[in-house]
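Observations on chain architecture
Here are the chains, one letter per residue:
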Amino acid sequence: MEREIIATFRAATAKPDFLTTEKFDAMLGGWGVFNLGVWAAANVIAKEISKGKKLKLEVTNEPHTDVDDIARKAIKVLMQCGADPANAALATATLLYWAGVNVQCGIPCPNRKLGAVARMAAGIPSGRVSSIPTEKLNNKISGFAATLAIYQALEKEHLAPFDSRLLPLGIGGSPFVGHTAIGEDHLFPKLGQKLARIGTRAMMKAYESAGMRRCRWMSALLGTAAALEIIHPDAYVGEEYGQFLVTRTPEVVARAAVEEAGMPEVIHIRGTDEELKTARVIGDLAIILKDSGTPTVVGMIMFNEICSIIKEGAALGVGRAGGPLLLPLNHWVTAPSLALYLFGKGATQDEIISIIRKMMDGYFQKEDATVATNILARRAEFIERGPLTDAIIRATEPGMCNSISKRAIYAYEQMKSGKSLTELLEDVQKRHIEAIASSVARMMSKVLNKEIEYIKFKNVRPGAGRRTHKFAQRHFAFDAYVDVEVKVDGKVYEWENLLAKVAPEALLKGDKETMDALGAVGMAVTELLNAGACSMDVVVCACMAAAMGMDPKEAAEKAAEVANVIISMPSQGLKKATQLASDIMKGLDF
Amino acid sequence: MISRKDYFDRVMVLGQYCYPERAEEAVLLVLSCLKHLLSEEAARGIKEMLPEPVRGLWEEAVFNNNYDEDEVDCITLAKRLGNYPYRAAAERAFEVVFASIRELTDEQRREAIKTLPLTVQPLFERAKSCAIDGSAEDFL
């Protein structure tokens, strides 16, 4: 093995954040994210499972259970990683849910609900659905839309299935209604379903009115949660709605929300294809949301990303980092969440490893996703070691080593044959962009059920002309210029300056044909804009240049200048990595 | 005696399956694997103890796809034939079917049914917690 290759490999992988433009240390302050806290909390929960702690809410006659204890420990580590207490409570409840804890159990006392368990462990007050924001999807709305619509409907019409004025004194509010046919067969399910439909519909309308695609997932969740805030949230229901001791109001109410939102009846787990009833999941998570307190937008981003183990996530709006896009790494928690789910189900480490690897197939850029997952797992180990990061590192380390080694060998051979760093990176960037185009064309053909014959990026560079600031001229992410040609179902579309000119014009004019066609390339452009999430192509080339004698600072600056699309924004790790490559090279005495 | 449809509906609830077909698939797979690994005498003995409609399903249960005749572990066999993503998911299928049988049998029959292959005997015990008798006990 050539010394330059060894030095490059070691320098590029020496610290997890050398392979990304992301700022990992800032992730630990809760500023915009707390995903490393989620990785750590998942490990905490897994370790508690290993100790034999019981992951079940039960009607036991004791003040505290194992779940209370685990929740406290998970919340503590989340808050140490910058999570707001309400966000920590919601993340903990959601992780525990996917680990296998039931969301509710009980009679009047004890009446245990997972969201409330987590909230009380965090020591925070309860919240209201109207104050729960949605995840930021460019803009954001809140559960207020659902609550407002529901209360307006309650004011305008009579929604209960009977005339409530007929309820005699002493009967209304008693088990006479609540634990019998009146409540369980009629009032709770019928009213709940009406309210959930109204709330879900209002959420979808609000999304669209605020310039966003409707998020069916969050609309159904907050529509259901708002309904559960009014009706009995954990009542048993009549047999026509489900079996006794199994089905309660959240699932029944969620059925209406799921239907209203146009969600599929069944969803699947990534990597395993296990089937889950959508209404069961929505009902369970809605009651968690209702009881967890008042999360912030950041908390809701993490909530969604924890749930991104749902395979249909991208289509339904359940998180965004589970694939196929390579999102900024501050979103990424799918791997620990999935590993925790599997761990809770009793999967072995080897089985978890195999499934995590399979999950990587769902990304447009599998190699980059594998490296991204690996560096996050390695960084998370600084906070909390555990069986999940162990498994995820084992799952991704071979892929990471393979990717970096291949690139290092290629860079070495190219530079040895006389190519300059500039020539090498121009070639690498071109290949990277072409790889994204072909991968997106292939996968989106299946998704859109169209034949996307090709996507050709003809000119991709910073500086689309929207901004004059020098910074925007240098970094692709801030004013991206894209010329692209795409052939969809036999028709060729050619666009110049897509992001600054074509897309806004088409959207503002309501040009549906162009916007539909843009659906075929939109994800590829997004991949380019997010390319810095995994910057291994640039880092390896720059490190090789430094290892082969180029001044490390100059290598880093030249690499950032040439690879101005795939590095997309300034990278702090790049200079450190090139310096290290140079240092290592000088220290190798064989 | 409950009908096959009602039985599969109940298995569907116990296993939290999304479709009745999944319940049917799980039942037939579990019964096939058990039959395959039991001696003829033991298989006959268990059949006598099974409630209807499970007894009829036991008679019908056969493998209709390729399987490893030399496999001696019931769960491994089921995992492979049922395409379960991990071993615990295959164990869960046994637990669910055993829970359904527990619900339809009395204590005496349950004791007799315990002459199962060694790897699945603990699952028959564990199934108590998801059978209706188990969850009702939890509740009380």
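Residues numbered from 1 in each chain as written. Chains lettered and ligands numbered in written order. Predicted model: local features only at pLDDT ≥ 70, side-chain atom pairs only at ≥ 80, totals over all residues.

Considering the sheet that holds strand E7 (residues 491-495) of chain A
Residues and elements named next belong to chain A.
- The strand order across the open sheet built from 3 strands is E5-E6-E7, with neighbouring strands paired in antiparallel fashion. Whereas interior strands pair on both sides, the edge strands pair on one side only; in this sheet they are strand E5 (452-462) and E7. Neighbour to neighbour, the strand axes of the sheet diverge by 10° on average, direction disregarded.
- Here strand E6 (residues 480-488) runs beside E7; their pairing, made up of 5 bridges, is antiparallel. When the bridges of E7 are listed, Lys487 appears paired with Val492. (Pairing = 2+ DSSP bridges. Helix = DSSP H or I, 4+ residues; strand = E, 2+ residues; numbered from the N terminus. Axes fitted to C-alpha atoms, helices over the stretch in contact; angles between N-to-C directions.)

Topic: the packing of helix H23 (residues 536-547) of chain A against helix H25 (residues 572-587) of chain A
All names here are of chain A.
- Between H23 and H25, whose axes approach to 8 Å, the crossing angle comes to 35°. In this structure, the crossing between H23 and H25 has a hand that is right-handed. Residues Val538, Val539, Ala542, Cys543, Ala546 and Ala547 of H23 touch H25, and the partners they reach there are Leu574, Ala577, Thr578, Ala581, Ser582 and Met585.
- Here the residues of the contact of H23 with H25 sort into 10 nonpolar, 2 polar and no charged. (Left-handed = near helix turned anticlockwise from the far one by under 90°. Contact = placed C-beta atoms within 7 Å. Nonpolar A, V, L, I, M, F, W, Y, C, P; charged D, E, K, R; others polar.)

A word on the interface of chain B and chain A
- At the interface, 10 residues of chain B touch 17 residues of chain A.
- Elements supplying a minimum of two residues to the side of chain B that touches chain A: helix H6 (87-104) and helix H9 (132-139) of chain B.

As for helix H18 (residues 421-448) of chain A
Residues and elements named next belong to chain A.
- Along its 28 residues, H18 runs 39 Å from first to last C-alpha, staying within 8% of the 40 Å computed at 1.5 Å per residue.
- If you check which residues of H18 are buried, you get Leu421, Leu424, Leu425, Val428, Gln429, His432, Ile436, Ala437, Val440, Ala441 and Met444.
- Residues of H18 that are buried make contact with helix H17 (387-416), E5, helix H22 (522-529), H23 and helix H24 (552-562).
- Once H18 ends, the next one or two residues include Asn449, with phi positive near 55°. (Expected span 1.5 Å × (residues − 1). Buried ≥ 20, exposed ≤ 12 C-beta atoms within 10 Å, placed from the backbone.)

Considerations on the domain arrangement of chain A
Residues and elements named next belong to chain A.
- Per the domain assignment, the segments making up chain A are domain 1 (1-21 + 419-590), domain 2 (30-122), domain 3 (129-292) and domain 4 (322-408).
- Here the C-alpha centre of domain 3 lies 23 Å away from the C-alpha centre of domain 2.
- Each partner contributes residues to the interface: domain 2 has 14 residues there, and domain 3 has 9 residues.
- For the side of domain 2 that touches domain 3, the elements supplying multiple residues, two or more each, are helix H4 (85-99) and helix H5 (114-122).
- Broken down by element, the side of domain 2 that touches domain 3 gets its largest block of residues, 6 residues, from H4.
- Its residues assigned to classes, the side of domain 2 that touches domain 3 comprises 9 nonpolar, 3 polar and 2 charged. (Domains from an automatic or database assignment.)

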